[in-house]
Amino acid sequence: MTERTLTSFSLRGKVTGSTLIIYLALIGVLLIGWVLVAVDGGNFLTLETVVGIQQRSAALGIVAVGQTLAILVGSLDLSVAYLISLTSLVAAEIMAGQDGGILPAIAAVIAVSALIGLVNGLVITRLHVHAFIATLGVSLIIKGVVDHLYDGPSGSVPESFQRLGYDRLGPVPVSALLWAAVAVAAWFLLRRTRLGYRIYAVGGDEEVARLSGVRTGRVIVATHVLCSICAGIAGLLLAGRLGAGAPTVGTDGGYDLESIAAVVLGGTALAGGKGGVPGTVGGVLLLAVLDSVFNQLEVNAFFKDVVRGVVIVAAVAVYARRTVRRRSR
């Protein structure tokens, strides 16, 4: 595939109207939340609230960035939640409360995550299993391993590593900086590298990309490896925040479906080939702001889920109508 052809595919990753919509919606939710909390006698836009939003969104944001890569190529990953739990346990057990175990733990988490991503990618490309079923099957395997080996929290994280979850530089938590670094790296990958152009090409039309010389199987495998590594990084962050590994930290947080929801809210098409990291960041922040508003208003869990579901469906409906109108012209 020529550089010119690859560049034409990369144009799909530019900031679009969908990205603008999610940030306008984010501003709208912030304003509505501020008014509702003020009417309730509280103060929404405080330093504590802003820091809390950043901390709550960091782990989900990291996972969602990886999920963006998988969805852009026309795939998805349902194994991230159980992988987060597994990597938090691996990290905490290797660290064993010792500073000297931090680097080996990080290396082990990256290795385990990359292996899981490789398995996901190979099952999809070599065995031709749909991504939904393939990653669901891998997630059940991970669940079985975790349930067999662990009954509860395990391992110990040294205080120096726990700073990753709680320290901050001024009003910006270190965890938010980690999320920002992952997001910028993924944005650079998509916009400035040959692999990024090929991700959009495969997601846009896999057969056309194959006929153009792209090794589509390798691209799909690469995105799943990167997606799993992002989940592993989130597992490290949550282990640092909890001070130990937990077999349910990933599933309790709902990081599989939440990450997909954030990506879709950000305007990335589930069919692949359209969207990008900026929209996903907006989607994650929107979900985090909604949670913060609900918590301050003490809204019950049932109503929270209903509103979040309505927001997601409405966003997808808006994007779908825009796409239909654009095609009809």
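Every value quoted in this text rests on a predicted model; they were computed, and no experiment measured them.

Okay, the environment of glutamate 258 next. Position of glutamate 258 relative to the elements: it lies in helix H13 (residues 255-265). Assessed through its relative accessible area of 21%, glutamate 258 is described here as partly exposed. Leaving out residues up to four positions away in the same chain, glutamate 258 has contacts with Leu60, Gly253, Leu287 and Arg308. In this structure the side chain of glutamate 258 is engaged in a polar contact, spanning 2.3 Å, whose partner is the side chain of arginine 308.

In this section: unusual backbone geometry. If you check the backbone angles, alanine 96 has positive phi at about 50° while not being a glycine. Summarising the element assignment, alanine 96 is placed in the loop between helix H4 (80-95) and helix H5 (102-126). Phi angles above zero are rare outside glycine, and histidine 128 is one such case at about 60°. Along the chain, histidine 128 turns up in the loop between H5 and helix H6 (131-149).

So, on to the pattern of salt bridges. Going through the model one piece at a time under the given rule, you end up with 4 salt bridges. The partner of aspartate 147 in a salt bridge is lysine 143, and the shortest N-O contact between them spans 2.9 Å. With aspartate 147 and lysine 143 both in helix H6 and 4 residues apart, this pair spans about one turn of that helix. Lysine 143 gets classed as partly exposed once you look at its relative accessible area, which sits at 32%. Among the salt bridges present, the one from arginine 308 reaches aspartate 291, with a minimum N-O distance of 2.8 Å. Taken as a pair, arginine 308 in helix H15 (residues 301-328) and aspartate 291 in helix H14 (residues 277-297) lie far apart in primary sequence, 17 residues in all. In the salt-bridge network here, residues are joined through shared partners; they are Glu258, Asp291 and Arg308.

Our next topic: the nonpolar core. Core analysis: the biggest nonpolar cluster contains 93 residues, and Ile62, Ile84, Met95 and Ile142 have the highest contact counts within it. When residues in this core are grouped by element, the largest group, 14 residues, is from helix H11 (residues 216-242). What isoleucine 62 contacts, discounting residues up to four positions off in sequence, is Leu178, Trp179, Val182, Cys230, Ile233, Ala234 and Leu237.

Fine structural detail should not be taken from predicted coordinates in areas where pLDDT scores are low. Residues at a pLDDT of 70 or more form 93% of the protein, whose mean pLDDT is 90. Contacts of residues 1-5 to residues separated by more than four positions or lying in other chains number 9 contacts, the stretch itself having pLDDT below 50. Counting contacts from residues 7-14, a segment whose pLDDT is below 50, to residues more than four positions away or on other chains yields 16 contacts.

Scanning the model with the defined rule gives 0 disulfides in all. Unpaired in terms of disulfides, cysteine 227 finds its nearest cysteine sulfur in cysteine 230, a separation of 6.7 Å.

With that out of the way, let us pick up the packing of helix H7 (residues 159-166) against helix H8 (residues 174-192). Contact pair H7 / H8: the axes reach a minimum separation of 5 Å and the direction vectors enclose 75°. Accordingly, the angle class assigned to the pair H7 and H8 is roughly perpendicular. Only Val174, Ser175 and Leu178 of H8 make contact with H7, whose side of the interface consists of Arg163, Leu164 and Gly165. Along the lines of polarity and charge, the residues of the contact of H7 with H8 split into 3 nonpolar, 2 polar and 1 charged.

Below, the discussion takes up H4. A rise of 1.5 Å per residue sets the reference length of H4, with its 16 residues, at 22 Å; its end C-alpha atoms lie 22 Å apart and thus fit the reference within 8%. Counting buried residues along H4, 14 of its 16 residues qualify, which places the element largely inside the surrounding structure.

The subject of this paragraph is a nonpolar patch on the surface. Together, Leu20, Leu24, Ile27 and Leu31 give the surface a local cluster of nonpolar side chains, amounting to about 410 Å² of exposed area. Tracing the chain through its elements places leucine 31 in helix H2 (residues 17-39).

Further remarks concern H13. Burial analysis of H13 places 9 of its 11 residues in the buried class, the great majority of the element. Glycine 267 sits one or two residues past H13 and shows a positive phi near 95°.

Before going further, it helps to examine the environment of glycine 196. On the secondary structure map, glycine 196 appears in helix H9 (residues 194-204). As for glycine 196 and valine 145, which are separated by 51 residues in sequence, their C-alpha atoms are 34 Å apart. Those residues in contact with glycine 196 that sit more than four places away from it in its chain are Leu189 and Leu190.

Our next topic: the side chain of glutamine 54. By secondary structure assignment, the location of glutamine 54 is in helix H3 (residues 47-72). The exposure class of glutamine 54 is buried, given its relative accessible area of 18%. In contact with glutamine 54, other than residues within four places in its own chain, are Pro171, Val172, Pro173 and Ala176.

Definitions and limits used
- Residues numbered from 1 in each chain as written.
- Predicted model: local features only at pLDDT ≥ 70, side-chain atom pairs only at ≥ 80, totals over all residues.
- Heavy atoms only, no water.
- Helix = DSSP H or I, 4+ residues; strand = E, 2+ residues; numbered from the N terminus.
- Buried < 20%, exposed > 50% of the residue type's maximum accessible area, 1.4 Å probe, protein only.
- Contact = heavy atoms within 4.5 Å.
- Polar contact = N/O pair within 3.5 Å; in protein donor to acceptor, adjacent residues only side chain to side chain.
- Salt bridge = Lys/Arg side-chain N within 4 Å of Asp/Glu carboxyl O.
- Core = buried A, V, L, I, M, F, W, Y, C linked by side-chain atoms within 4.5 Å.
- pLDDT = per-residue confidence, 0-100.
- Disulfide = S-S within 2.5 Å.
- Axes fitted to C-alpha atoms, helices over the stretch in contact; angles between N-to-C directions.
- Parallel < 35°, antiparallel > 145°, perpendicular 65-115°, else oblique.
- Nonpolar A, V, L, I, M, F, W, Y, C, P; charged D, E, K, R; others polar.
- Expected span 1.5 Å × (residues − 1).
- Patch = residues over 30% accessible without salt bridge, like charges linked within 9 Å, V, L, I, M, F, W, Y side chains within 5 Å.
- Areas by Shrake-Rupley, 256 points an atom, 1.4 Å probe, with all protein chains shown as cover.

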